[in-house]
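Each chain, letter by letter, is given below.
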Amino acid sequence: MKEFFPEIKNIKYEGPKSKEPLSFKYYNPEEKIMGKTMREQLKFAMAYWHTLCADGTDMFGIGTMDKSFGGSSSMEISKNKVYAGFELMNKLGVDYFCFHDRDLVSEGETLADFHRDLEVIVGIVEEQMKEHGKKLLWATANMFSHPRYAHGAGTSCDPDVFAYAAAQIKQAIDIDIRLGGSGYVFWGGREGYETLLNTDMGFELDNMAYLLTMARDYGRAHGFKGDFYIEPKPKEPTKHQYDFDAATVIGFLRKYGLDGDFKLNIEANHATLAAHTFQHELRTAAINNMFGSVDANQGDCLLGWDTDQFPTNIYETTLAMYEIIKCGGFTNGGLNFDAKLRRASARPEDIFYGFISGMDSFALGLRLAAKIIEDGRLDEFVKSRYAGFETGIGADIKNRRTSLEALSDYAFSLGRVGLSSSGRQEYLESLINSVMFG
Ligand code: XUL
Ligand code: CO
C-alpha cells in the first residue's frame, strides 16, 4: 500500500520533557485518569473535511495545500483521501472520524451520480474501518455549500430544495447506519436569514422541525441507535442562524418534541461567536441533559469569525474537560477536531503538528481537570455558597414547601438584609492557577 505521509512514523507518548516535536507530551492513550484510559475519556476524532479536503482556500485567495493525494481523476482523489485519512488516524492513534457526504465524493450533476460514487467510496471506507479498527463518531449531510441551498435547506422557500435536502439526509443516515456511526449531526449553516424583510420565520422553523422529525423517524425505523445532534452556531455563513446557541436549540427541540432523540454537539468557536464561553455552552447542555458531543477548536479573540484553529488554550481545555467529566463523560459522543491548519502551514507534516497540539492540549486539560476535581476545593466552595438552602427557610425553598405569603412574612421579620457573603472570584481564580501549575 502506498504511503501518503512516508516521513512520519507512528506518534508516540514521550512525556512533557521530550523535545521531539512529533511526539505526544501529555497524551498517553492507555494511562488511566479518573478510572478510564485517556483514550476512552477523550475519544478523539478526525474531521474528514478539514483534514482531507480543505486546501487553504479563503475569501481572498486560492488553495495553498495539495489535497489530491496523488490522484488525477475526481474518483481517484476520493479513493486516495480514504487511504490517506486512515494512515493519518493510524499514525496519530485517533480512533474515530466524522464526515459530510460531500467530503467523500464530489456531488456530480444529479443525486443519482452522487449516490453511485458514494457507494464506491463508502465501500472502501467500510473495508478500511474493519482493517484498522476505526469507528465513525458521526456523519452529516452538507446542505450548505451548493448554490441550491442559498435560501436554506429545511428552511428553504423552494419545496424542491427541501425535498433534495431530505434525500441527502436519508442517504447520509443510511451510510451512518451501514458504518455503525454513533451519531448524526445537523449543522444548519444556511438555516437562518439575511433579512427578516423576506422571511417567514415561524413557517421556516416549523418546516425545519418537520424535516428533523422525518429524519429521526426514518433513522429509528431503520435501526439507528445513536444520538441525533444539533450543532449550535449563531452566525456565519448567514447573518442570523436559527440554531443560535445551546439554550435556543434546547427551546426549539422541546417545542417540537425532539428532545428525546436529539442532543447537542457543542463547538468551542461557535460558543465564542455567540458571545458565550465554551464552558457556558457545555454547562447549558449538561444541566438540560443534552450534552452529546464536542467539536474541538478555538477562535481568535482579535478575529470575529470562525477560525477553526486547533485548540491550544489550556484554561479552555481544562474547563471544558471539567464540565465533560462532571456530566459523566462521553457516551456516544467524542472530541472531534473541527479544526484546520493556518493557510501558510502548507507542508504535509503540518497536519500532524496540528493534531499533536490539539490532542496534547485536551490531554493536558483532562489531567488538570482531574486535579481540580480531586483537589475538591472548588466544588466544596460552590457547595458551601448555597449552604443556606440546607436548613430553615432555605430548606423550605429548596424543597418547594413555602409560598409567596410565607416568604413575605419571613422577609418582613428580618429587618435589614444586606450582602452576606463573598463570591470569592479572585480567590478561586488563584486557586485554579495553583492547582493547575502547582
Ligand atoms: C461549521 C461547522 C461544520 C459542522 C458540520 O462551522 O462547524 O463543519 O461541524 O457540518
Ligand atoms: Co463543527
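A.B. asks: How would you summarise the overall build of the protein if you had to cite specific residues and measurements?
C.D. replies: In terms of helices and strands, the protein carries 16 helices and 14 strands. Taking 22 Å as the expected radius of gyration for a compact globule of 438 residues, we find that the protein reaches 24 Å, a close match to that expectation. Overall, the C-alpha framework of the protein stretches about 80 × 60 × 45 Å when taken along its three principal axes. For the protein, contacts bridging at least 24 residues in sequence account for 75% of all contacts bridging at least 6. Of the roughly 20,900 Å² of accessible surface on the protein, 55% is carried by carbon and sulfur atoms.

A.B. asks: Could you give an account of the packing of helix H11 (residues 314-326) against helix H12 (residues 350-375), with specific residues and numbers?
C.D. replies: Between H11 and H12, whose axes approach to 7 Å, the crossing angle comes to 60°. Of the possible angle classes, the one that applies to H11 and H12 is oblique. Taken as a pair, H11 and H12 cross one another with a handedness that is right-handed. Mapping the contact onto sequence places Ile 314, Thr 317, Thr 318, Ala 320, Met 321, Tyr 322, Ile 325 and Lys 326 in H11 and Ser 361, Phe 362, Leu 364, Gly 365, Leu 366, Leu 368, Ala 369, Ala 370, Ile 372 and Ile 373 in H12. Across the contact of H11 with H12, the residue classes tally to 13 nonpolar, 4 polar and 1 charged.

A.B. asks: Would you mind going over the coordination of the cobalt ion (ligand 2) in detail, with residue names and values included?
C.D. replies: Summarising the metal site, the cobalt ion (ligand 2) is bound by the protein donors Glu 231 (OE), Glu 267 (OE), Asp 295 (OD) and Asp 338 (OD), whose distances to it range over 1.9 to 2.2 Å. Because the angles between the 6 donor atoms bound to the cobalt ion (ligand 2) fall within 79 to 170°, the donor set is best described as octahedral. In primary sequence terms, the donor set of the cobalt ion (ligand 2) follows E-x35-E-x27-D-x42-D. Of this pair, Glu 231 sits in the loop between strand E10 (227-230) and strand E11 (240-241) while Asp 295 sits in strand E13 (residues 291-295), and the two are 64 residues apart along the sequence. The same class applies to Glu 231 and to Asp 295, which are both buried.

A.B. asks: Quick one: what's the story with the environment of Thr 318, residue by residue and with numbers?
C.D. replies: Mapped onto the secondary structure, Thr 318 falls in helix H11. The class for Thr 318 is buried, based on a relative accessible area of 1%. Sequence separation between Thr 318 and Arg 367 is 49 residues, and the spatial gap between their C-alpha atoms is 8.0 Å. Within the structure, the side chain of Thr 318 is placed 2.6 Å from the backbone oxygen of Ile 314, a separation counted as a polar contact.

A.B. asks: Before we move on, can you summarise the site of ligand 1 with the specific residues and values?
C.D. replies: For ligand 1, the full set of nearby residues is Trp 49, His 100, Phe 144, Trp 187, Glu 231, Lys 233, Glu 267, His 270, Asp 295, Asp 306 and Asp 338. His 100 has a polar side-chain atom sitting 2.7 Å from an oxygen atom of ligand 1. Here His 270 contributes a side-chain N or O atom positioned 2.9 Å from an oxygen atom of ligand 1. Look at ligand 1: alone it shows 290 Å² of surface, and the protein chains cover 93% of it. When each cavity is represented as a set of grid points, ligand 1 is found to reside in the largest pocket. The class makeup of the residues in the shell around ligand 1 is 3 nonpolar, 2 polar and 6 charged.

A.B. asks: Explain the nonpolar core residue by residue, including any values.
C.D. replies: With 121 residues, the main nonpolar core has Leu 42, Leu 92, Phe 97, Phe 355 and Phe 362 as its most contacted residues. Ranked by residue count, the leading element in this core is H12, at 14 residues. Apart from the residues within four sequence positions on either side, Phe 355 is in contact with Ala 45, Met 46, Thr 51, Leu 88, Leu 92, Val 94, Phe 310 and Phe 337.

A.B. asks: Now, about the packing of aromatic side chains: what can you tell me, with residues and values included?
C.D. replies: One pass over the full model with this rule turns up 23 aromatic pairs. Aromatic pair Phe 5 and Phe 69: ring centres 6.5 Å apart, planes at 75°, arrangement edge-to-face. Placement of the pair is Phe 5 in the segment before strand E1 (12-13) and Phe 69 in the loop between helix H2 (48-53) and helix H3 (74-92), with a sequence separation of 64 residues. Of the residues examined, Phe 69 reaches a relative accessible area of 12% and is grouped as buried. Ring geometry for Tyr 48 versus Phe 99: centroids 6.3 Å apart, planes at 75°, classification edge-to-face. Highlighted residues: Tyr 48 in helix H2 and Phe 99 in strand E6 (residues 96-100), separated in sequence by 51 residues. The exposure class assigned to Phe 99 is buried, which follows from its relative accessible area of 2%. Across from the ring centre of Tyr 164, 3.8 Å away, lies the NZ or CZ of Arg 148, which sits over that ring.

What counts, and at which threshold
Residues numbered from 1 in each chain as written. Chains lettered and ligands numbered in written order. Predicted model: local features only at pLDDT ≥ 70, side-chain atom pairs only at ≥ 80, totals over all residues. Heavy atoms only, no water. Helix = DSSP H or I, 4+ residues; strand = E, 2+ residues; numbered from the N terminus. Rg over C-alpha atoms; globule rule 2.2 N^0.38 Å. Contact = heavy atoms within 4.5 Å. Areas by Shrake-Rupley, 256 points an atom, 1.4 Å probe, with all protein chains shown as cover. Axes fitted to C-alpha atoms, helices over the stretch in contact; angles between N-to-C directions. Parallel < 35°, antiparallel > 145°, perpendicular 65-115°, else oblique. Left-handed = near helix turned anticlockwise from the far one by under 90°. Nonpolar A, V, L, I, M, F, W, Y, C, P; charged D, E, K, R; others polar. Donors = N, O, S within 2.8 Å, 3.2 Å for Na, K, Ca; no water. Tetrahedral: all angles 85-135°; square planar, octahedral: opposite > 155°, others 65-115°. Buried < 20%, exposed > 50% of the residue type's maximum accessible area, 1.4 Å probe, protein only. Polar contact = N/O pair within 3.5 Å; in protein donor to acceptor, adjacent residues only side chain to side chain. Near = heavy atom within 4 Å. 1 Å grid on protein atoms, 1.4 Å probe; cavity = no way out; pocket = protein on both sides within 12 Å on 5 of 7 lines; lining within 4 Å. Sits in = over half its atoms within 2 Å of the grid points. Core = buried A, V, L, I, M, F, W, Y, C linked by side-chain atoms within 4.5 Å. Phe/Tyr/Trp six-rings, centres within 6.5 Å; stacked < 30°, edge-to-face > 60°. Lys NZ or Arg CZ within 6 Å of the ring centre and 35° of its normal.

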